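Descriptive analysis of the structure
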Amino acid sequence: MQNTNESSLPKFHRRTLLNSLAAGGAWELLGGMRLSGAPQAARRFRIWDDHSHLHLAPGATPEEKMEALIRCADRLGIERLILSQGYSADQHPTPDQLREENDRVLRAVRRFPDRAYGSVYLSPAYPDFSLQEFDRCVRDGPMVGIGELEADKRCNVPEMDAIVERAVSMKAPILQHTWMNADGNGPGESTPYDLVELARRHPDANFICAHTGGDWERGIRIIRDTPNITAGTAGFDPTSGVVEMAVRELGPERVVYGSDCAGRSFASQLAKTMGADIPDSARELVLGGNLRRLLGPILRAKGYQA
């Protein structure tokens, strides 16, 4: 089932709309609950979702919410979710809220260690706290990445440098939210231009450009000449042609599938790649091969199986 067109609205309006949909029973928008089993086409590939959240999933606890996500992922043949942000109720969280959201992700991942990896939620608004939280959740904990980082400050600010350096020390990839609203971004909301500036300061870091800026035709071109940025296909309308253009302009090794569930459906977002006019060798990379390569060093260091 294709999702609604909420991504055409400014980001701050989308968040309000998504909360309203959740209260009204928008769980069906995840798309998987009506399917009797994973499509055979999906079963041919090892699918890893680089961009998922507990937000909007049904359930009273992180464990219950994660169980619901896994049920839907099973129906679509999705092997692994990279989970972040907990319930993500506030775009400008305090340190206490960041810690609470990370604790929710830790609970969900520990309940399903063979189906999900965690990614730590940080903020350049609190650089010292963010380094401590990285150490708690990644260096000394089970998480394997950073992000999704959102809209506290634009990602090109100097406060991001220490966070990126800490990620490089553990070879942890960074999922950075980017968007380009027609009527202007919210305060502190990053664009692909901001991510390019940050990535060029840190050529040894690996970044995923979440949403590819929303306006993906521009976003793909903006990141094209910055090889340590991978295009993330999650969280905007499942328009035909996005994956084809990304593979053509960036190469198949710099594109990753993600859903942005539960605000978006697994099904509609997976369709961008499953329906793309690209070779199956490229589809295999987009659906999971590239993400496993990006995560490979930190997974091996932690003794995890890719």
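See the structure shown above.
Residues numbered from 1 in each chain as written. Predicted model: local features only at pLDDT ≥ 70, side-chain atom pairs only at ≥ 80, totals over all residues. Heavy atoms only, no water.

Close contact between helix α10 (residues 266-274) and helix α11 (residues 280-302) brings their axes to 10 Å; oriented N to C, the two are set at 150°. By the criterion of interaxial angle, the relationship of α10 to α11 is roughly antiparallel. Facing Leu-270, Thr-273 and Met-274 of α10, the residues of α11 in contact are Arg-283, Val-286 and Leu-287. Here the contact of α10 with α11 is composed, by residue class, of four nonpolar, one polar and one charged. (Axes fitted to C-alpha atoms, helices over the stretch in contact; angles between N-to-C directions. Helix = DSSP H or I, 4+ residues; strand = E, 2+ residues; numbered from the N terminus. Parallel < 35°, antiparallel > 145°, perpendicular 65-115°, else oblique. Contact = heavy atoms within 4.5 Å. Nonpolar A, V, L, I, M, F, W, Y, C, P; charged D, E, K, R; others polar.)

Another aspect to go through is the nonpolar core. Of all hydrophobic cores here, the largest spans 85 residues; its most connected members are Met-66, Leu-69, Ile-146, Phe-207 and Phe-266. Examining the composition of this core, we find that eight residues originate from one element, α11, more than from any other. Setting aside chain neighbours within four positions, we find Met-66 in contact with Leu-54, Leu-81, Leu-83, Ala-108, Phe-112 and Ala-116. (Core = buried A, V, L, I, M, F, W, Y, C linked by side-chain atoms within 4.5 Å. Buried < 20%, exposed > 50% of the residue type's maximum accessible area, 1.4 Å probe, protein only.)

Ordered by their spatial adjacency, eight strands build an open sheet running β1-β2-β3-β4-β5-β6-β7-β8, and the pairing between neighbours is parallel. Only two strands of the sheet have a single neighbouring strand rather than two, namely β1 (47-52) and β8 (255-256). When strand β6 (residues 207-210) meets strand β7 (residues 229-232), the two strands line up parallel, connected through three bridges. From the neighbouring strand, Ile-208 faces β7, where its bridge partner is Thr-230. Of the strands in this sheet, β1, β2 (78-84), β3 (116-120), β6, β7 and β8 touch α11, which is tilted by about 75° from β1. (Pairing = 2+ DSSP bridges.)

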